[in-house]
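# Survey of secondary and tertiary structure
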Amino acid sequence: MGIFSGLISGATEFYNQAESERAHQKADDRLWIGERLGVEEQNRNYNQIRDDYQPYRDMGVQGVNAMMNPNESFETSPGYQWRRNEGMRNMENRFPGGGGGGNAMRALNDYGQGMASQEYGNWWNRQAGMAGMGMGATNSVATAGMNKANSIGSYRMRGAENRAGVGLHGAKDAADYRTKGWSSLASAFGGNGTSIDV
């Protein structure tokens, strides 16, 4: 190999080395961008799920709070108030002006006790249903959170593996081009191309 062709060959190999390093850096940058976009999408999706389930979680908290203080919550509930008022009005219509004596009082007492007992059971079941709805929503959000964590972990792991592969491939390519470049220069100046330490 002549000096001129050796110089051209060596320069070409060094140029190839630089281009290979740029290409591998560009690939590494794109892998980072892809990983970041995947993580951002997982976060966006999880936050949307949290927002969508929030009203049900709030309803569950309301049901649990009512069940923790049933006496106050039950007596102020709209169902109890409406049913009580309607029953009292009905009794007043049956026994106008306080007539009916003991029978009216007994009927009124029986109605009040029966209505309160039945309505309390209905009220309790409604609160338990709301609490259950909140618990279900909370479980769904927790599951979404675990899925998000698993997906992000996968994105990170695959990204690290891909970047490591690109980095190793890039280092090998750069070393090959560098070795060929030095070998070409050595040959151009009369060496056999194997005695130069790179």
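## Side note on the overall build of the protein
Scanning the protein from terminus to terminus reveals four helices and zero strands. Walking the protein from its N terminus toward its C terminus, one meets helices and strands in the order α-α-α-α. Counting only residues that meet the buried cut, the protein has 24% of its 198 residues in that class. Contacts in the protein between residues far apart in sequence, at least 24 positions, make up 85% of those at least 6 positions apart.

## Observations concerning the pattern of salt bridges
As enumerated under the stated definition, the model contains seven salt bridges in all. Two residues, Glu35 and Arg156, come together in a salt bridge whose shortest N-O distance is 2.9 Å. With Glu35 in helix α1 (residues 3–68) and Arg156 in helix α4 (residues 101–188), this residue pair connects regions lying 121 residues apart in the sequence. Note that Arg126 is salt-bridged to Glu119, the shortest N-O span being 3.0 Å.

## Describing the side chain of Arg163
Looking at the element boundaries, Arg163 is found in helix α4. Residue Arg163 is classed as buried on the basis of its relative accessible area, which comes to 13%. When near neighbours in sequence (up to four residues on either side) are disregarded, Arg163 contacts Asp28, Leu31, Trp32 and Glu35.

## Brief notes about α1
With 66 residues, α1 extends 93 Å from end C-alpha to end C-alpha; this agrees with the ideal 98 Å at 1.5 Å per step. Of all bends in α1, the biggest is about 45°, found at Gln54, and the proline Pro55 comes one to four residues later.

## Re the side chain of His24
Take His24: it is sitting in helix α1. Taking relative accessible area as the criterion, His24 reaches 15% and is therefore assigned buried. Setting aside residues up to four positions removed in sequence, His24 forms contacts with Val166, His169, Gly170 and Asp173.

## Regarding a nonpolar patch on the surface
The grouping of Ile3, Leu7 and Phe189 at the surface amounts to a nonpolar patch, some 300 Å² of accessible area in total. For Leu7, a relative accessible area of 36% gives the class partly exposed.

## Brief notes about the environment of Tyr53
The residue Tyr53 is located in helix α1 in this model. Residue classification places Tyr53 among the partly exposed positions, given a relative accessible area of 31%. Each residue touching Tyr53, except ones within four places of it in the same chain, is listed here: Ala137, Ser140 and Val141.

## Points about the confidence of the model for the protein
Here the protein shows a mean pLDDT of 81. Residues at 70 or above account for 87%. Within the model, pLDDT remains below 50 along residues 193–198, and this stretch shows seven contacts once partners closer than five positions in the same chain are excluded.

## With respect to the packing of aromatic side chains
Each pair of aromatic rings is reported with the distance of its centres and the angle of its planes. For the structure shown, the criterion picks out four aromatic pairs. With a centroid separation of 6.1 Å and 55° between ring planes, the pair formed by Trp123 and Trp124 is classed as tilted. Given a relative accessible area of 2%, Trp123 falls into the buried group. In this structure, Arg163 packs its charged tip against the face of Trp32, placed 3.6 Å from the ring centre.

## Remarks on the environment of Phe189
Tracing the chain through its elements places Phe189 in the segment after α4. The exposed category is assigned to Phe189, whose relative accessible area is 60%. Separated by 186 residues in sequence, Phe189 and Ile3 have C-alpha atoms that sit 6.1 Å apart.

What counts, and where the lines are drawn
Residues numbered from 1 in each chain as written. Predicted model: local features only at pLDDT ≥ 70, side-chain atom pairs only at ≥ 80, totals over all residues. Heavy atoms only, no water. Helix = DSSP H or I, 4+ residues; strand = E, 2+ residues; numbered from the N terminus. Buried < 20%, exposed > 50% of the residue type's maximum accessible area, 1.4 Å probe, protein only. Contact = heavy atoms within 4.5 Å. Salt bridge = Lys/Arg side-chain N within 4 Å of Asp/Glu carboxyl O. Expected span 1.5 Å × (residues − 1). Bend = angle between axes of the 7 residues up to and from the residue. Patch = residues over 30% accessible without salt bridge, like charges linked within 9 Å, V, L, I, M, F, W, Y side chains within 5 Å. Areas by Shrake-Rupley, 256 points an atom, 1.4 Å probe, with all protein chains shown as cover. pLDDT = per-residue confidence, 0-100. Phe/Tyr/Trp six-rings, centres within 6.5 Å; stacked < 30°, edge-to-face > 60°. Lys NZ or Arg CZ within 6 Å of the ring centre and 35° of its normal.

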